[in-house]
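Notes for the structure review
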Protein chains: 2
Amino acid sequence: MNTLAYGLLGLVARTPSSGYDLMLQLQPYWQAKHSQIYPLLAKLEHNGYMQFTRVHQTDRPDKKVYSITEKGKTALKLWLAEPTAEPVARDELVLKACCLSFADARTSRALFHERIDHCREQLQMYQHIMQEIEQQSEGSPNDPSHPSFGDYILLSWGCRRMQEDIKWCEWVLELLEKKNQE
Amino acid sequence: MNTLAYGLLGLVARTPSSGYDLMLQLQPYWQAKHSQIYPLLAKLEHNGYMQFTRVHQTDRPDKKVYSITEKGKTALKLWLAEPTAEPVARDELVLKACCLSFADARTSRALFHERIDHCREQLQMYQHIMQEIEQQSEGSPNDPSHPSFGDYILLSWGCRRMQEDIKWCEWVLELLEKKNQE
DNA sequence: ACCACCATGTAACAAGTTACATGATTAA
DNA sequence: TTAATCATGTAACTTGTTACATGGTGGT
């Protein structure tokens, strides 16, 4: 049982879903490809944490809808109380910034403009999902007992972060421009 | 040549260093164990991006000090101009937050208190390194041509982020407390 | 016709972690 | 004497990515 396995278990605990759907739900929070998810689900089912029913669809391919078992729910609650692993960030920009003095002015500027664009895209995506869950929960997303409370706080975190990162990039660009004017 | 390889190349370009030293320098920016770094350095040397000299030490074990070659410098500059990979974050807290409605009040609160502690530790570390490079560069860390400019902007980014993350955790804890009082 | 989306899976590979291995110096 | 720091390496394993494989539906 690794972190991703518990993540899938947590999503399935909220809403029974297919592997494909879990992959999409997971995207904003933990990037994982379907090739990693499908074997994990099979393993979780094999070990009794989940069960699935094959759902026939006429217009689309059939799907396996996974739902949590009692054993799965117990494991999930134990996991939530266990100490949380420290976050790991892998950002190529950070490594490039480390040797920024070897880049020419144009390259340096492009680096942070590129990041601003990326942050704006992410921000839009977060705001879009936020609107969706606000409509679904009809104005009570700040109720901790509501299933979408987790999404609500995570999305507002994402928005905050992206806004701050944009500000940081703009600050760096100012420092870079200053040098260029001299 | 993967991202970590370029990261090592970038550090070596600034200051010739041993594998052990590179591992320590890299820690704040990209977590990598020595078991990943040593074979990579050997590969980089084998492919002509770096060279090393064995430095004898009396009080400590001998070390291999790596320095960049012309081929390495060329590769480094090309990398800096290439499009940057999107950042990847893997944070167990995010997955736990997704199914926060399955946790009891005590467990939920502990989760965010734990994160606040972690952020405070990180913040202290960043501030400490910041002070060191401020002393080294004697009040000109905001000069983009200075080799420590990269560290300066990255550390201030780290500080900003940790401060914002603490604020976010405190906001979440307020929402959790509110519910508890009702 | 071609592309995107839905849906599931495997195989090969790359990246990263943990454990094994050695050995000197120095501080508590 | 016990642990931490310096210093380098390999082996086994886990995690994550890319590519291979299949096939129907719906839009441009």
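One can find the structure itself at the top, above this paragraph.
Residues numbered from 1 in each chain as written. Chains lettered and ligands numbered in written order. Predicted model: local features only at pLDDT ≥ 70, side-chain atom pairs only at ≥ 80, totals over all residues. Heavy atoms only, no water.

1. Details of helix H3 (residues 34-46) of chain B
All names here are of chain B. When the terminal C-alpha atoms of H3 are compared, their 18 Å separation across 13 residues agrees well with the 18 Å that a helix rising 1.5 Å per residue should span. Taken as a whole, H3 has its buried residues at Ile 37, Leu 40, Leu 41 and Leu 44. Angularly, the buried residues of H3 cover 105 degrees about the axis, an arc narrow enough to put them on a single face. Facing away from the buried side of H3 by more than 90 degrees, the exposed set consists of Ser 35 and His 46. Of the surrounding secondary structure, the elements contacted by the buried residues of H3 are helix H1 (3-14), helix H2 (19-26), strand S2 (50-55) and strand S3 (63-68). Just beyond H3, the residue with positive phi is Gly 48, at close to 85 degrees. (Helix = DSSP H or I, 4+ residues; strand = E, 2+ residues; numbered from the N terminus. Expected span 1.5 Å × (residues − 1). Buried < 20%, exposed > 50% of the residue type's maximum accessible area, 1.4 Å probe, protein only. Arc of directions from axis to C-beta. Contact = heavy atoms within 4.5 Å.)

2. Details of the protein's contact with DNA strand D
The environment of DNA strand D is formed by 21 residues, the closest being Ser35(A), Gln36(A), Asp59(A), Gln57(B) and Lys64(B). By atom count, sugar and phosphate contribute 65% of the portion of DNA strand D lying within 4 Å of the protein. Within the side chain of Asn2(A), an N or O atom sits 3.2 Å from a phosphate oxygen of DNA strand D. At a separation of 3.2 Å, a phosphate oxygen of DNA strand D approaches a polar side-chain atom of Tyr38(B). At the level of elements, helix H3 (34-46) of chain A together with H2, H3 and S3 of chain B are the ones that each hand at least two residues to the surface near DNA strand D. The biggest single contributor to the surface near DNA strand D is H3(B), with three residues. Within the surface near DNA strand D, the residues separate by chemical class into five nonpolar, nine polar and seven charged. (Near = heavy atom within 4 Å. Polar contact = N/O pair within 3.5 Å; in protein donor to acceptor, adjacent residues only side chain to side chain. Nonpolar A, V, L, I, M, F, W, Y, C, P; charged D, E, K, R; others polar.)

3. Focus on the protein's contact with DNA strand C
Looking at DNA strand C, there are 21 residues lining it, with His34(A), Lys64(A), Ser35(B), Gln36(B) and Asp59(B) nearest. Backbone sugar and phosphate groups make up 65% of those atoms of DNA strand C lying within 4 Å of the protein. Contacts to DNA strand C include Tyr20(A), whose backbone N or O atom sits 2.9 Å from a phosphate oxygen. Note that a sugar or linking oxygen of DNA strand C is positioned 3.2 Å from one of the side-chain N or O atoms of Arg90(A). Among the elements of the structure, helix H2 (19-26), H3 and strand S3 (63-68) of chain A together with H3 of chain B are those that each provide at least two residues to the surface near DNA strand C. In terms of residues, the surface near DNA strand C owes the most to one element, H3(A), which gives three residues. Among the residues making up the surface near DNA strand C, the classes are represented as five nonpolar, nine polar and seven charged.

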